[in-house]
Amino acid sequence: MPAGGLSVSSTSGVEFEARITPIVVISCIMAATGGLMFGYDVGVSGGVTSMDDFLIKFFPVVHRKKHEELDSNYCKYDNQGLQLFTSSLYLAGLTSTFFASITTRKLGRRLTMVIAGIFFIFGVIMNAAAQDLAMLIIGRILLGCGVGFANQAVPLFLSEIAPTRIRGGLNILFQLNVTIGILFANLVNYGTAKLHPWGWRLSLGLAGIPALLLFVGSIMVVDTPNSLIERGHLDEGKAVLKKIRGTDNVEPEFLELVEASRIAQQVKHPFRNLLKRRNRPQLVIAILLQIFQQFTGINAIMFYAPVLFDTLGFGSDAALYSAVITGAVNVVSTIVSIYSVDKVGRRVLLLEAGVQMFFSQIVIAIILGIKVKDQSNNLGSGFAVLVVVMVCTFVSAFAWSWGPLGWLIPSETFPLETRSAGQSVTVCVNLVFTFAIAQAFLSMLCHFKYGIFAFFSGWVLIMSIFTLFLLPETKNIPIEEMTERVWKQHWFWKRFMYDGDEQALDDSPVKSGGKISGYDNSHL
């Protein structure tokens, strides 16, 4: 093997040779800008909804409540219309992801990312130019369609193009860009809040920068070999595989991809195929990871960090400043995940983070329960700092565990024939629960008060127990070998791996030495 290369053993004992080539790194960075757009949309909404100019124009009732003395300090922003501004993006995203599944499989990962970029650009224009609530919501819906297409295609693209040994780290570039987008949005909001009366328009309009980056980057990258081969472009797929692996010795990996494609082509109804017994472990884990990810409470903090800190008495400037701090912690901690996920593994990160998140949320609940009563009194400076520290402790744990791994694990565990459909279900479930949390959080904050953090900490305990007993380790396993080396070896999930569908695998051309989808491998 050439110096500087990486090798991964296949189930047949053949080495898959692969270098970390510049084209892989550049392609992954460009593709991950979809996360930058997603993160900016997540981060910008909380800051904009705390700006007086924005509230006066679109939500005057909320503006009056914000500056009145209320019976409960937790209920200032309890308004369904305001929550719809945030959550409409995710409602559109969960709908569009099923259309994105079709384009991802039929047109490829790359073109699906281009479509996402187009949706983002038009959504940004509508939001920045909004004259009424309807125009504002339409813009958010277009952004949501971009989220649905980007979250469908980008994680698959990253998992498929990356060499196995660094697949986790490169895939987490998507989540790193999400955190950078959130931090960028917080910094922008901190500055534009002082620009009256159009600062909120600049905040929403600057989303055009990551939107253009995604669009241009998606045009420039190559599609994945898996996608090209799946769509019948065997020669092009092989050429791309040589280019991204940095070697001409790609025949073993190429044949494995072609065999996976042959099986995938036999599946006419991938969503129906997801329900087959042998696909249940991947489906159950993908669904539960998305539910658990949202019930950590992270989006409750990220969507409404400025609102939350303002509610706790920090004041508007201090609230935005505190949100910037949490955004910076988010970015740094995600970088930690990039360096550690392929070394220590997925399970260790998830379990350690569970302990850290549970502790921090309990401390926050206790402080708020003691210091913030129903009347509008503020936290003292010492307790205010402690709340920010605990929020940062929570955010750091999430950023190196449930944030990136909630996307990484589903994208690398489904077999090729159900990968696009499985990713659609993953994105859809994520956005359903993101929508639910976004739409309900301000009302929950009003009614649960400090108990909302105890509520989320209970979920953290449940998901940590699930990880301990039912989540297998997937680090350093080739993406097309998960069934043999992960699911069939797991103490619980292996019982789902044997059914009548297995017979087709026993007669595969690779084993019989025949032709695969028109590709003659008899000379090998």
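What you see is a predicted model, and the numbers here were worked out from it, not measured in a lab.

Participant: Explain the overall build of the protein chain to me, please; I cannot follow it from the model alone.
Facilitator: Scanning the protein chain for helices and strands turns up 25 helices and four strands. Sequence-distant contacts in the protein chain: of pairs separated by 6 or more residues, those separated by 24 or more amount to 80%.

Participant: Sorry, what's going on with helix H10 (residues 208–220) here?
Facilitator: Side chains three or four residues apart in an α-helix point the same way, a direct result of the helix having 3.6 residues per turn. For H10, built from 13 residues, the straight-helix expectation of 18 Å at 1.5 Å per residue is met to within 8% by its first-to-last C-alpha distance of 18 Å. Those residues of H10 that fall on the buried side of the exposure criterion are Gly-208, Pro-210, Ala-211, Leu-214, Gly-217 and Ser-218. If you follow the buried residues of H10, they end up packed against helix H1 (22–31), helix H2 (33–48), helix H6 (109–128), helix H7 (133–161) and helix H9 (199–205).

Participant: What is the right way to read the pattern of salt bridges from this model?
Facilitator: Two side chains with opposite charge may pair up if their charged atoms get near one another. Summed over all chains, the structure comprises 13 salt bridges. Between Glu-230 and Arg-109 there is a salt bridge, and its shortest N-O distance comes to 3.5 Å. Here the residue Glu-230 occupies a position in helix H11 (residues 225–230), and Arg-109 occupies one in helix H6, the gap between them amounting to 121 residues. Given a relative accessible area of 8%, Glu-230 falls into the buried group. The shortest N-O distance in the salt bridge between Lys-238 and Glu-251 comes to 2.8 Å. With Lys-238 in helix H12 (residues 234–245) and Glu-251 in helix H13 (residues 251–265), this pair connects stretches of sequence that are 13 residues apart.

Participant: Can you help me understand the packing of helix H20 (residues 402–413) against helix H21 (residues 416–448) in this one?
Facilitator: Contact geometry for H20 and H21: axes closest at 9 Å, N-to-C directions at 160°. Considering the angle they form, H20 stands roughly antiparallel to H21. Our pair here, H20 against H21, has a crossing hand that is right-handed. In this structure, H20 uses Trp-407, Pro-410 and Ser-411 to contact H21, whose residues at the interface are Arg-419, Gln-423, Thr-426, Val-427 and Asn-430. A per-class count over the contact of H20 with H21 returns three nonpolar, four polar and one charged.

Participant: Can you walk me through unusual backbone geometry in this structure?
Facilitator: Glycine aside, residues mostly have negative phi angles, and peptide bonds mostly take the trans form. A cis amide bond, omega 0°, links His-196 with the succeeding residue Pro-197. Position of Pro-197 among the secondary structure elements: in the loop between helix H8 (167–192) and H9. At Asn-476, a residue that is not glycine, the phi angle is positive and equals roughly 60°.

Participant: Can you help me understand the environment of Arg-167 in this one?
Facilitator: Relative to the elements of secondary structure, Arg-167 occurs in helix H8. With 312 residues separating them along the chain, Arg-167 and Ile-479 place their C-alpha atoms 9.1 Å apart. Aside from chain neighbours lying at most four places away, what touches Arg-167 is Ser-159, Ala-162, Asp-342, Arg-346, Leu-408, Glu-412, Thr-474, Ile-477, Pro-478, Ile-479 and Met-482. A polar contact of 2.8 Å, which involves the side chain of Arg-167, links it to the backbone oxygen of Ile-477.

Participant: Honestly, the packing of aromatic side chains in this entry has me stumped. Any pointers?
Facilitator: Ring pairs (aromatic) are described by centroid distance and by the angle formed between their planes. This model, assessed by the stated rule, comprises 20 aromatic pairs. Ring centres of Phe-119 and Phe-149 lie 5.5 Å apart, and the angle between their planes is 40°; on these two criteria the pair is classed as tilted. With Phe-119 in helix H6 and Phe-149 in helix H7, this pair connects stretches of sequence that are 30 residues apart. Classification of Phe-119 as partly exposed rests on a relative accessible area of 25%. On the accessibility criterion, Phe-149 (6% relative accessible area) is buried.

Participant: Please explain the side chain of Ser-227 as it appears in this structure.
Facilitator: Examined against the element boundaries, Ser-227 turns out to sit in helix H11. With residues up to four places along the chain from it excluded, the contact list for Ser-227 reads Thr-104, Gly-108, Arg-109 and Glu-160.

Participant: Explain H1 here, please?
Facilitator: Along H1, the positions that sit buried rather than exposed are Val-24, Ser-27, Cys-28 and Ala-31. Summarising the axial view, the buried residues of H1 lie within an arc of 95°, below the 170-degree limit, and thus occupy one face.

Participant: Explanation requested: the confidence of the model for the protein chain in the structure shown.
Facilitator: Should the pLDDT be low somewhere, the predicted coordinates at that spot are not to be read in detail. With 84% of its residues at a pLDDT of 70 or more, the protein chain has an overall mean of 81. When mean pLDDT is compared element by element in the protein chain, H6 scores highest at 94, while strand E1 (residues 5–9) scores lowest at 39. This stretch, residues 1–15, has a pLDDT under 50; its non-local contacts, to residues over four places away or in other chains, come to 40 contacts. This model gives residues 500–524 a pLDDT under 50, and the stretch forms 40 contacts once residues within four places in sequence are excluded.

Criteria and cut-off values
- Residues numbered from 1 in each chain as written.
- Predicted model: local features only at pLDDT ≥ 70, side-chain atom pairs only at ≥ 80, totals over all residues.
- Heavy atoms only, no water.
- Helix = DSSP H or I, 4+ residues; strand = E, 2+ residues; numbered from the N terminus.
- Contact = heavy atoms within 4.5 Å.
- Expected span 1.5 Å × (residues − 1).
- Buried < 20%, exposed > 50% of the residue type's maximum accessible area, 1.4 Å probe, protein only.
- Salt bridge = Lys/Arg side-chain N within 4 Å of Asp/Glu carboxyl O.
- Axes fitted to C-alpha atoms, helices over the stretch in contact; angles between N-to-C directions.
- Parallel < 35°, antiparallel > 145°, perpendicular 65-115°, else oblique.
- Left-handed = near helix turned anticlockwise from the far one by under 90°.
- Nonpolar A, V, L, I, M, F, W, Y, C, P; charged D, E, K, R; others polar.
- Polar contact = N/O pair within 3.5 Å; in protein donor to acceptor, adjacent residues only side chain to side chain.
- Phe/Tyr/Trp six-rings, centres within 6.5 Å; stacked < 30°, edge-to-face > 60°.
- Arc of directions from axis to C-beta.
- pLDDT = per-residue confidence, 0-100.

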